[in-house]
Amino acid sequence: MRPTTAPSEAELDSRKIVGINKETVTDVTSTDFPGHYPGEDNSWDINTFSSGFNVQFHQNEQFEASFSLIGIDASLANAFRRILISEIPTLAIETVFIENNTSVIQDEVLAHRLGLIPFKGGKEGLLDFLKWWRKPEPGADQYSTTFDFNTVSLELNVECTKNPAADPDVESDPAKLYHHANVYAKDIVFTPEGRQSQYFDGDKAIAPVNPDILIAKLRPGQEIRLSMHMHKGVGSDHAKFSPVATASYRLMPTIDIVKPILGADADKFARCFAPGVVAVETVTREDAARDDAYEGHVGERKAVVKDPMRDTVSRECLRHKEFDGKVKLGRRRDHFIFAIESTGQWDSDELFLESVKTLKLKCKRLEKQVVNMVR
Amino acid sequence: MAPRSKTRADVPEEAGDDATMQDAPPSHQPAADDAEDAEGGEAGDDEMNEAEDYEEEEEEPQRVKLLAGSTATAASFEFADEGHTLGNALRYIIMKNPDVEFCAYAIPHPSEAKMNIRIQTYEGTTAIDALQKGLQDLQELCDVVAEKFWVSRNEFMGESTPQPSHA
């Protein structure tokens, strides 16, 4: 076997760039596999990975987080993203028992709308206390698997009545003319069962994340009376169980100004990009001393890349003749800018951590299975 | 159908087509009067037992299968209920193994929840070992990612909150 050689830093960096050209994209697939580059060792090593991997946070709010994962392959970043969307459990309304519904909205449509409402509640109760609900065996009682630790009961009882204090000749707003003309998510009442009163007490109670979601509209004499059962589920079963509104990533854009872009061209160049990506600065003496290309241009305006992260990777600048051969666009294959927006049951930073743990657990289970298979 | 009638002859005549009361399996349900109490009570004994039975983890069915035509160094595996999420991640990490000559995954049909993975290794190791190593490496990787993610999160927030422990 050939002795292992280490490629230069510049070579390694250039390998990470996906080329974005006028009509084509180049170098799309990863090449960091053993045997791809003769004489190089690209085999898996946890220490190499660990020293090359880096996380940078950009924003971390309860329901919205953005961060970069640097030094990881797309297959893994994508696995985390997919797990976020479809494999992390949340609690959602699964069964609706309609006692009376005289509103104009049909029973099944109403039930569907209720199912999509995101709920929040005490973390410990949601994550540790609540377990999966299992469908009863065929022939068994339909509630034989329903317990306080796997089902949450809710009720919604509203009746629309006339508001005697409002004058129908003056007032035209139904919300003022009638009581309960609009049925909102906040009208849903949580009815704790058994041990639920300990776990979902006070501000830990199961309640809609957004109290002002409109569920239905009523007119005097109409009523909605129903109760609901919530279960834990995952997004692969139904999107209502998905803990994220969006979970996506994009690759870090790169803009490489190969030759100086000066004067009026610099302004035009800056206008080719989203605001804040490219700035126009004056060529300084140091620039001229550092780079031959700037010699004799001291005091002129030049285009500089300020913040490539804000770039939308539009190829506008490649359409203009004056920038021909002066700029190289690309994306970093191993720099993923994640954006996670939680629906409210989880904190968004915890969600990502959970996706990593879910992937680990999956592998752990399957490793056991592989051992079983051999036996 | 002929074979059916043969077994009929073994059944004692008096039983006829219906099973006698003695043959009926003992009921798993609580006796009628108990049941009423249990339903009304907060968490009666019977209800607790039922809950415990429920919580017992079912034995997971075998989800990984070695497909026909496999040899020690070249094998195909079928994963039930797995998809691109694990398929692609596992393919990557197995391809990172220098003893592996070839690795690829496929989902043969979108309406079947099955994922196939093909591994061919050089002499000196086996495809099963490479698969197992891949799964172990992925677990290691997850630990590093989780750890670094949380450290970075704490730095950003100016906190030192420990990783949430659930799940």
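This one's a predicted model, so the numbers in the text were calculated from it and none came from an experiment.

### Describing the overall build of chain B
Phase 1: A tally of helices and strands in chain B yields five helices and four strands.
Phase 2: Moving toward the C terminus, one meets the helices and strands of chain B in the order α-α-α-β-β-α-β-β-α.
Phase 3: Residue pairs in contact within chain B that sit at least 24 positions apart in sequence constitute 46% of those at least 6 positions apart.
Phase 4: Element-wise, carbon and sulfur atoms account for 49% of the exposed surface of chain B, whose accessible area totals about 10900 Å².

### Re the sheet that holds strand β1 (residues 64–66) of chain B
All names here are of chain B.
Phase 1: Taken in spatial order, the four strands line up as β1-β2-β4-β3 in an open sheet, and their pairing is antiparallel. In this open sheet, the two strands that pair with only one neighbour each are β1 and β3 (100–106). The mean angle between the axes of side-by-side strands here comes to 20°, regardless of whether they run parallel or antiparallel.
Phase 2: Bridge count between β1 and strand β2 (residues 74–80): three bridges; the pairing is antiparallel.

### Quick look at the interface of chain B and chain A
Phase 1: On the side of chain A, 60 residues touch chain B, which itself brings 56 residues to the contact.
Phase 2: Between chain B and chain A, a total of about 5400 Å² is buried, with carbon and sulfur atoms accounting for 67% of that surface.
Phase 3: Inspection of the region where chain B meets chain A yields four salt bridges.
Phase 4: In this structure, Lys362(A) and Glu82(B) form a salt bridge, with 2.8 Å as the shortest nitrogen-oxygen distance.
Phase 5: Run the count over chain B and chain A and you get 18 residue pairs in polar contact (both at pLDDT 80 or more).
Phase 6: Mapped onto the side of chain B that touches chain A, the elements with two or more residues apiece are α3 (45–55), β1, β2, α4 (84–95) and α5 (127–157) of chain B.

### Here's the deal with the nonpolar core
Phase 1: The biggest cluster of nonpolar side chains holds 95 residues, and the ones touching the most others in it are Ile72(A), Leu114(A), Leu154(A), Ile206(A), Phe352(A), Phe79(B) and Leu90(B).
Phase 2: Counting contributing residues, this core receives three or more from each of domain 1 (53–88 + 243–250 + 335–368) and domain 2 (92–237) of chain A.
Phase 3: Discounting residues that sit within four places of it in the chain, Phe79(B) has contacts with Leu366(A), Arg63(B), Val64(B), Leu86(B), Leu90(B), Ala113(B), Lys114(B), Met115(B), Ile117(B) and Leu131(B).
Phase 4: Ile20(A), Ile257(A), Ala303(A) and Val313(A) belong to the second-largest nonpolar core, a separate cluster that totals 18 residues.

### Some details on the packing of helix α10 (residues 348–374) of chain A against α5(B)
Phase 1: For the pair α10(A) and α5(B), the least separation of the axes is 9 Å and the interaxial angle reads 165°. Classified by the angle between their axes, α10(A) and α5(B) sit roughly antiparallel to one another. As for how α10(A) packs across α5(B), the hand of that crossing is left-handed.
Phase 2: Across the contact of α10(A) with α5(B), the residue classes break down as 19 nonpolar, three polar and seven charged.

### Side note on the UniProt feature "domain: DNA-directed RNA polymerase RBP11-like dimerisation" (unreviewed entry) in chain B
Phase 1: As annotated by UniProt and renumbered to match this structure, "domain: DNA-directed RNA polymerase RBP11-like dimerisation" (unreviewed entry) occupies residues 75–147 of chain B.
Phase 2: Each end of residues 75–147 of chain B is marked by a C-alpha atom, and these two atoms are 34 Å apart; helix forms 45% of the span and strand 29%.

### So, the pattern of salt bridges
Residue and element names in this part refer to chain A.
Phase 1: Following the criterion strictly, the structure yields 28 salt bridges over all chains and no others.
Phase 2: Its salt-bridge partner being lysine 16, residue aspartate 13 comes within 3.8 Å of it at the nearest N-O pair.
Phase 3: Of the charged contacts in the structure, one is a salt bridge between aspartate 347 and lysine 123, with a shortest N-O distance of 3.5 Å. You can see aspartate 347 sitting in the loop between β18 (327–342) and α10 and its partner lysine 123 sitting in helix α5 (residues 123–129), a full 224 residues away along the chain.
Phase 4: Exposure remark for aspartate 347: the relative accessible area of 18% places this residue in the buried category.
Phase 5: Owing to a relative accessible area of 31%, lysine 123 belongs among the partly exposed residues under this scheme.
Phase 6: Among the ionic contacts, a cluster of salt bridges with common partners joins Asp13, Lys16, Arg332 and Asp334.

### A word on the sheet that holds strand β11 (residues 189–191) of chain A
Residue and element names in this part refer to chain A.
Phase 1: Read from one edge of the open sheet, four strands run β5-β14-β7-β11, paired in antiparallel fashion. A single partner strand is all that each edge strand has here, and the edge strands are β5 (90–101) and β11. For this sheet, the mean angle separating the axes of adjacent strands, direction not counted, is 25°.
Phase 2: As judged from the three bridges shared by strand β7 (residues 152–159) and β11, these two strands associate in the antiparallel manner. Residue pairing in the sheet places serine 153 in a bridge with threonine 191 of β11.
Phase 3: Along the sheet, helix α4 (residues 107–115) contacts β5, β7 and β14 (223–233); its crossing angle with β5, the most-contacted strand, is approximately 150°.

Procedures and definitions
The numbering scheme is per chain: residues are counted from 1 as the chain's sequence reads. To label them, take the chains in the order written and letter them from A, then take the ligands in the order written and number them from 1. Whole-chain, interface and lining totals are the exception, using all residues; otherwise, since this is a predicted model, local features are given only for residues with pLDDT of at least 70 and side-chain atom pairs are given and counted only at 80 or more. The side-chain values count all of the structure's non-hydrogen atoms but skip hydrogen atoms and water molecules. The way it works is that DSSP assigns letters per residue, a run of H or I at least four long becomes a helix, a run of E at least two long becomes a strand, and they are numbered from the N terminus. Contact criterion: two residues are considered in contact whenever any of their non-hydrogen atoms come within 4.5 Å of each other. A 1.4 Å probe and the Shrake-Rupley method give the accessible areas. Residues count as covered only by the protein chains that appear here. DSSP-based pairing: two strands are paired if at least 2 bridges between them are found. Lines fitted to the C-alpha atoms define the axes, with helices restricted to the stretch that makes contact. Angles between their N-to-C directions range from 0 to 180 degrees. The term buried area denotes the loss of accessible surface (1.4 Å probe radius) that occurs when two parts are joined, taken as the sum for both partners. Salt bridges are defined as contacts in which a side-chain nitrogen from Lys or Arg sits within 4 Å of a carboxyl oxygen from Asp or Glu. Between N or O atoms, a polar contact is any pair within 3.5 Å; within protein, one atom must be a potential hydrogen donor and the other a potential acceptor, and residues adjacent in sequence are included only when both atoms are from side chains. By convention a nonpolar core is built from buried Ala, Val, Leu, Ile, Met, Phe, Trp, Tyr and Cys residues, the set being connected through side-chain atoms within 4.5 Å. Per-residue accessibility, obtained with a 1.4 Å probe over protein chains only, is compared with the maximum for each type, and a residue is labelled buried under 20%, exposed over 50%, and partly exposed between these values. Note that the domain bounds reflect an automated or database-derived domain assignment. In these notes the angle categories are as follows: under 35 degrees is roughly parallel, over 145 is roughly antiparallel, 65 to 115 is roughly perpendicular, and the rest is oblique. Should the near helix be turned anticlockwise from the far one by less than a right angle, the crossing is termed left-handed; should it be turned clockwise, right-handed. Charged means Asp, Glu, Lys or Arg here, nonpolar means Ala, Val, Leu, Ile, Met, Phe, Trp, Tyr, Cys or Pro, and polar covers whatever is left, Gly included. UniProt positions are given in the numbering used here, feature names are shortened, and annotations may be inferred rather than shown by experiment.

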